[in-house]
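These are the residues of each chain, in order.
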Amino acid sequence: MSCRIEVQAAFLLSSFVTFFSGLVVLSICRLTWRLIKRRQSIKGAGIILELFSSDAITRSPLRKLHWYGVFRNQIEMLLSAQTFVGQVLVILVFVLSIGSLIIYFINSIDPVGSCSSYGDKTIPIDLSFNAFFSFYFGLRFLAADDKIKFWLEMNSIVDIFTIPPTFISFYLKSNWLGLRFLRALRLLELPQILQILQAIKTSNSVKFSKLLSIFLSTWFTAAGFIHLVENSGDPWLKGRNAQNISYFDSVYVVIVTMSTVGFGDVVAKTSLGRMFIMCFTLGSLVLFANYVPEIVELFANQRKYTNTYEAVKGKKFIVVCGNITVDSVTAFLRNFLRNKPGEINTEIVFLGEVPPSLELETIFKCNLAYTTFICGSALKWKDLKRAAVEFSEACLILANPLCSDSYAEDTSNIMRVLSIKNYYSKTRVIIQILQSHNKVFLPKIPSWDWSIGDNIICFAELKLGFIAQGCLVPGLCTFLTSLFVEQNKKVSPRELWQRHFLHGLKNKILTQRLSDDFAGMSFPEVSRLCFMKMHLMLIAIEHKSLLTGGSCGLILNPPSQVKLSKNTLGFFIAESPIEVRRAFFYCSNCHGDVQNPELIEKCSCTSMRHQQSTGAAVTAMKNNRKESSGTGKQDSSSSEHESSLSYSSFAIRTFLEDTEQEFDQLDSSGMFHWCKTTPLDKVILKRTDKPKHTFQNHIVACVFGDAHSALIGLRNFVMPLRASNYTQKELKDIVFIGSLEYLQREWRFLRNFPRVFIMPGSALYSGDLHAVNIEDCAMCAILAPSPKAVSNQILVDTEAIMATLNIGSLRISPTYLRPSMPGILPDANECNGKSKYRRVSMLTELRNPSNIHFIEQLGSLERSLTGLSLHLSTSFSTGAVFSGNFLDSLLATVSAAESTSPPN
């Protein structure tokens, strides 16, 4: 039957009157309560008004509101989704709301202007639903702290505009669609309902359900409004411009409008409908701008990198995780893939925790034949399974050396190691650690095993150790780091010295089994023969020492007392593996008179001897390694390994014949000079006591940091300078210049090293530099501070660059130059008679190698090649600048050596 205008107005007014009257009553109650509270005359009526105040429970006396507080707490527990009853209520309200919405869809088939009679079976069902909604609304109202805020909530507005018309329909014995379409807004609770039912668990599914609920509720609600006004017409025209449009057509209009297509086959004719379409179009643009990128990410990028790597039998691959960025991936690939393409038979699986950026994705596409990217975390077993970690040759964990919190970076990487080892204990792990004191946690992992190749590359140890060696032998750190720098063939240096230096970058550290003809010879004899006959530089060998329990260890330049045995492994500096094979093929009978190294090839007598001795040699080698690993497990502790890992290959006490040293001046391992604990106040220097300072040929280290800075580990800088292969007379005094608050925190690691001093101050102040006799020092090392949270990574070296410029500006008279100071060299201009002054020898550490242009001009280099601008600069080639970015190359070199080394 037709629904009169008066009946429709009654349905609408019931909702609007309820909403505005309730808002007015609550506002008056709150205003009255605040006035009464000001007059300090709260009585019985005031207690009732407290119920409608936003802060009634917290500010009112508990004795007056105790009954209400208890009742309110019980209701809160009843409505809380954390309880079973609360979850049932939330789910029941959502289900009944969807049921009421479905009833609205059914009733919308009839014209809007008609009123349904009670003969319709859906009316009593909808009435029972709304009765439950009224009960739930009352409970929520009583439990609300702020009644006005509750009244203006979206769910409350939905109940206020849908529940009262139900009771009007009961009184009038007829029903009208009205504003019942607002029940569609309850769809916004879909993600919460699915989470309670544990239907969705991942972040992507939660995000998808949220987006779906937003779009569905927007479409159905807007379509309901269009359906109402277009079928009813404008009120001031008494419905003369109304059109008969179905609810489905209304949904179609809304979706077409939101997509900004607008076909025009179905349009709004009423003024209210057109005004709503204009506002809805603007809102749709905002909605699309916010949520379309998320939809694209869910259905395009995220699905793209959620695949599983398929391990093929016989094909090697490694897994790289941790700090997966453009810089780290570029540095790793540049060094891992530096061999010829035919020599690389190992794939690289990058396990990144976030989808790659466009730049990083381009890098992966350029190296598609060797790389695979999987989006996941090494902390999750399902992602490790997708990366097939159990079948990989090794798992590499990259660290971020420019992070502001090195402790958090190390601990997160250690947790990745623990996750990988728990997933598959036999996986070989190579990890980068920023701070040396964090290494002690790794050997405590039960499945950590040095014998299978688990290894630690410590940034602080290697970096500061190289700088310390560069202080003793100027240019040595440049020579060592150049062994890990890959040559870029695109570079065309203009100056002659740059061409020679670039040619020297071809040399790398390579290993090769030595010929059995070298057995019984000393290392100096073998190294001389390799250099003269084969043009090879032998720098170290793997030697089995009886004094160290029969374990094999690397010995750098051992004395003549060490004799080589059969099947000895040698370490060479050469350009290619083909060159070092000459040391394996060398035969004293066949190659004794050969002058051309290229003629040293495999001969018949060498192959015959090799066939006879190969089986015995390989068996002996395996037994030695087993004994070595077994001895290490039983006898070595984690603390001893921490102190000797970086230096055991460079200084072995058993081969030294230094009779001047006394064992009570060394530490328990016999590897470092040691003294009793020195109090801090005994080593602090003062500017006023400069006449008492007689420092000459000493080392000055400039340190930057404050009481809150992360420690850089100065112990790693001092240890190489206090190695036991130096006599007491050869030790140089070490003077640290920096903040006393920072150095005081570092002193507990330095207090047992002799001849270490502290000058509170700054390298940016010339007075502090002169107070430590910087004019007489052998080397001034400027150590980069701990990374800070800066907006631009160029600024991480600000203090080091300013200190370099400050010290470089010092002009020292050449009269300070003494024969006992070999580390100080006069300025080149002084030798040409152009200057009467010389500069202090410096070694500056740069965290960002591209900052080299702040120290010197690089006009003759291609500035686009930022990675090589440092290594082809004058400062780096002369040993005046150092950067630890070669550690990324070292990690790639270690992994590539295991994958591409030919059998011996």
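Because the structure is a prediction, the values reported are computed rather than measured.

Visitor: Looking at this structure, how should I read the overall build of the chain?
Guide: A count of helical and extended segments in the chain gives 33 helices and 16 strands. Classification of the 904 residues of the chain by burial places 49% in the buried group. Carbon and sulfur atoms make up 59% of the accessible area of the chain, which totals about 44,800 Å².

Visitor: Is there a simple way to explain the sheet that holds strand 14 (residues 779-782) in this structure?
Guide: Whenever strands of a sheet pair, they do so through backbone hydrogen bonds, lying parallel or antiparallel. Spatially, the six strands line up as an open sheet ordered 13-12-11-14-15-16, and their pairing is parallel. The open sheet has two edge strands with one neighbour each: strand 13 (756-760) and strand 16 (881-883). Each strand axis lies, on average, 20° off the axis of its neighbour in the sheet, ignoring direction. Where strand 14 lies against strand 15 (residues 842-846), three bridges are found, and the strand directions are parallel. Across the sheet, Ile782 pairs through a bridge with Thr844, a residue of strand 15. Together, strand 11 (699-702), strand 14, strand 15 and strand 16 form the strand contacts of helix 18 (residues 459-472), whose direction differs from that of strand 15 by roughly 165°. Strand contacts of helix 29 (residues 798-808): strand 11, strand 14 and strand 15, with the helix running at about 165° to strand 15, the strand carrying the most contacts.

Visitor: Mind showing me how you'd approach a nonpolar patch on the surface here?
Guide: A cluster of nonpolar side chains, contributed by Phe84, Val85 and Val88, occupies part of the molecular surface with about 300 Å² of accessible area. Residue placement: Val85 occurs in helix 5 (residues 84-107).

Visitor: Hey, could you run me through the pairing of strand 4 (residues 395-398) in this one?
Guide: Along strand 4, one buried face is formed by Cys395 and Ile397 and the opposite face, lined by Leu396 and Leu398, is buried too. Of the pairings in the sheet, the one linking strand 1 (residues 316-322) to strand 4 comprises four bridges and is parallel in character. For Cys321, the partnering residue across the bridge sits in strand 4 and is Ile397. Bridge count for strand 4 against strand 5 (residues 429-433) is three bridges, and the pairing is parallel. Pairing of Cys395 across the sheet is with Val429, part of strand 5. What joins strand 4 to strand 5 is helix 17 (residues 406-423), and the crossover it makes is right-handed.

Visitor: Hey, could you run me through the packing of helix 11 (residues 203-232) against helix 12 (residues 247-258) in this one?
Guide: Helices that pack against each other are described as a pair by the angle of their axes relative to one another and the distance between those axes. Orientation of helix 11 relative to helix 12, taken along the N-to-C sense of each, is 120°, at an axis distance of 8 Å. Classified by the interaxial angle, the pair formed by helix 11 and helix 12 is oblique. Helix 12 is crossed by helix 11, and the crossing has right-handed handedness. Contacts between helix 11 and helix 12 involve Phe215, Thr218, Trp219, Phe220, Ala222, Ala223, Gly224, Ile226 and His227 on the former and, on the latter, Tyr247, Ser250, Val251, Val254, Ile255 and Met258.

Visitor: Before we go on, may I ask you to explain the side chain of Asn130 in this structure?
Guide: Considering the arrangement of structural elements, one finds Asn130 in helix 6 (residues 122-143). Here Asn130 falls in the buried class, since its relative accessible area comes to 2%. A distance of 2.7 Å separates the side chain of Asn130 from the backbone oxygen of Asp126, its partner in a polar contact. Once you skip the residues sitting within four places of it in the chain, Asn130 turns out to touch Thr162, Ile163, Thr166 and Arg183.

Visitor: Hey, could you run me through the environment of Asp410 in this one?
Guide: For Asp410, the position within the fold is in helix 17. Separated by 23 residues in the primary sequence, Asp410 and Ile433 place their C-alpha atoms 5.8 Å from one another. Excluding anything up to four places from it in sequence, Asp410 contacts Gln432, Ile433, Leu434, Gln435 and Asn438.

Visitor: Before we go on, may I ask you to explain the packing of aromatic side chains in this structure?
Guide: Two measures describe an aromatic ring pair: the distance that separates the ring centres and the angle between the ring planes. In this structure the tally under the stated criterion is 26 aromatic pairs. Considering the side-chain rings of Phe16 and Phe161, the 5.1 Å spacing of their centres and the 85° angle between planes classify their relative orientation as edge-to-face. Taken together, the residues span a long stretch of sequence, with Phe16 in helix 1 (residues 5-38) and Phe161 in helix 8 (residues 154-162) at a distance of 145 residues. Since its relative accessible area comes to 36%, Phe16 is described here as partly exposed. Judged by centre distance (5.1 Å) and plane angle (40°), the rings of Phe105 and Tyr247 are tilted. Pair noted here: Phe105 is in helix 5 and Tyr247 is in helix 12, with a separation of 142 residues, a long-range link. Overall, the relative accessible area of 26% leaves Phe105 in the partly exposed class. Between Lys147 and the ring centre of Phe141, over which it is positioned, the NZ or CZ distance is 5.0 Å.

Visitor: Just to check I follow, could you spell out the environment of Ala268 for this structure?
Guide: Here Ala268 lies in the loop between helix 12 and helix 13 (271-304). Exposure remark for Ala268: the relative accessible area of 12% places this residue in the buried category. Residues Ala268 and Ile245 lie 23 residues apart in sequence; the distance between their C-alpha atoms is 9.6 Å. If we skip the residues at most four places from it in the chain, Ala268 touches Glu230, Gln243, Gly273, Arg274 and Ile277.

Visitor: Any chance you could explain the nonpolar core here in plain terms?
Guide: Side chains of nonpolar character tend, in soluble globular proteins, to be buried together. In terms of nonpolar packing, the biggest core is built from 59 residues, with Leu79, Phe133 and Trp151 touching the most fellow members. If sequence neighbours within four positions are ignored, Leu79 has contacts with Gly86, Leu89, Val90, Tyr136, Leu139, Arg140 and Ala143. Residues Ile467, Ile712, Leu714 and Tyr742 belong to the second largest nonpolar core, which totals 34 residues.

Visitor: Help me out: how do you make sense of the packing of helix 6 against helix 8 in this one?
Guide: Running from N to C, helix 6 and helix 8 cross one another at 140°; their axes reach a closest spacing of 11 Å. Classified by the interaxial angle, the pair formed by helix 6 and helix 8 is oblique. In the crossing of helix 6 with helix 8, the sense of the turn from one axis to the other is left-handed. Here Asn130, Phe133, Phe137 and Arg140 of helix 6 come into contact with helix 8, specifically with Asn155, Ser156, Asp159, Ile160 and Thr162. Split into classes, the residues belonging to the contact of helix 6 with helix 8 amount to three nonpolar, four polar and two charged.

Visitor: How should helix 8 be read in this particular structure?
Guide: Counted residue by residue, helix 8 has seven buried out of nine residues, so it is predominantly covered. Taken together, the buried positions of helix 8 are occupied by Asn155, Ser156, Val158, Asp159, Ile160, Phe161 and Thr162.

Visitor: Would you mind showing me how to read unusual backbone geometry here?
Guide: Both trends apply: most residues other than glycine have a negative phi, and most peptide bonds are in trans. For Asn567, which is not glycine, the phi dihedral falls at a positive 60°. The exposure class assigned to Asn567 is partly exposed, which follows from its relative accessible area of 21%. Positive phi values are uncommon outside glycine, yet Asn697 reaches one of about 55°. Along the polypeptide, Asn697 turns up in the loop between helix 25 (638-644) and strand 11. On the basis of relative accessibility, which here comes to 16%, the residue Asn697 falls in the buried class.

Visitor: Help me understand the pattern of salt bridges, please; the structure alone is not making it clear to me.
Guide: One pass over the structure, following the stated rule, counts 16 salt bridges. As a salt-bridge pair, Asp383 and Arg386 come within 2.6 Å of each other at their nearest N and O atoms. With Asp383 and Arg386 both in helix 16 (residues 381-386) and three residues apart, this pair spans about one turn of that helix. Classification of Asp383 as buried rests on a relative accessible area of 6%.

Visitor: Honestly, the sheet that holds strand 1 in this entry has me stumped. Any pointers?
Guide: Within the open sheet, the six strands sit side by side as 3-2-1-4-5-6. Their pairing is parallel. Bordering the open sheet on either side are strand 3 (371-375) and strand 6 (455-458), each of which pairs with just one other strand. Within the sheet, the average angular offset between the axes of one strand and its neighbour, ignoring direction, is 20°. Lying over the sheet, helix 14 (residues 326-336) contacts strand 1, strand 2 (346-352), strand 3 and strand 4, oriented at roughly 170° with respect to strand 2. The strands that helix 18 touches are strand 5 and strand 6; relative to strand 6, the one it contacts most, it runs at about 50°.

Visitor: What's the story with the side chain of Asp733 in this structure? I'm lost.
Guide: Residue position: Asp733 is located in the loop between helix 26 (715-721) and strand 12 (734-738). Look at Asp733 and you get buried, because its relative accessible area is 15%. Among the polar contacts listed, one links the side chain of Asp733 to the side chain of Arg755, at a separation of 2.7 Å.

Basis of the calculations
- Residues numbered from 1 in each chain as written.
- Predicted model: local features only at pLDDT ≥ 70, side-chain atom pairs only at ≥ 80, totals over all residues.
- Heavy atoms only, no water.
- Helix = DSSP H or I, 4+ residues; strand = E, 2+ residues; numbered from the N terminus.
- Buried < 20%, exposed > 50% of the residue type's maximum accessible area, 1.4 Å probe, protein only.
- Areas by Shrake-Rupley, 256 points an atom, 1.4 Å probe, with all protein chains shown as cover.
- Pairing = 2+ DSSP bridges.
- Axes fitted to C-alpha atoms, helices over the stretch in contact; angles between N-to-C directions.
- Contact = heavy atoms within 4.5 Å.
- Patch = residues over 30% accessible without salt bridge, like charges linked within 9 Å, V, L, I, M, F, W, Y side chains within 5 Å.
- Salt bridge = Lys/Arg side-chain N within 4 Å of Asp/Glu carboxyl O.
- Right-handed = clockwise from strand over helix to strand, strands pointing away.
- Parallel < 35°, antiparallel > 145°, perpendicular 65-115°, else oblique.
- Left-handed = near helix turned anticlockwise from the far one by under 90°.
- Polar contact = N/O pair within 3.5 Å; in protein donor to acceptor, adjacent residues only side chain to side chain.
- Phe/Tyr/Trp six-rings, centres within 6.5 Å; stacked < 30°, edge-to-face > 60°.
- Lys NZ or Arg CZ within 6 Å of the ring centre and 35° of its normal.
- Core = buried A, V, L, I, M, F, W, Y, C linked by side-chain atoms within 4.5 Å.
- Nonpolar A, V, L, I, M, F, W, Y, C, P; charged D, E, K, R; others polar.

Function cannot be read off these values alone, since they describe shape.
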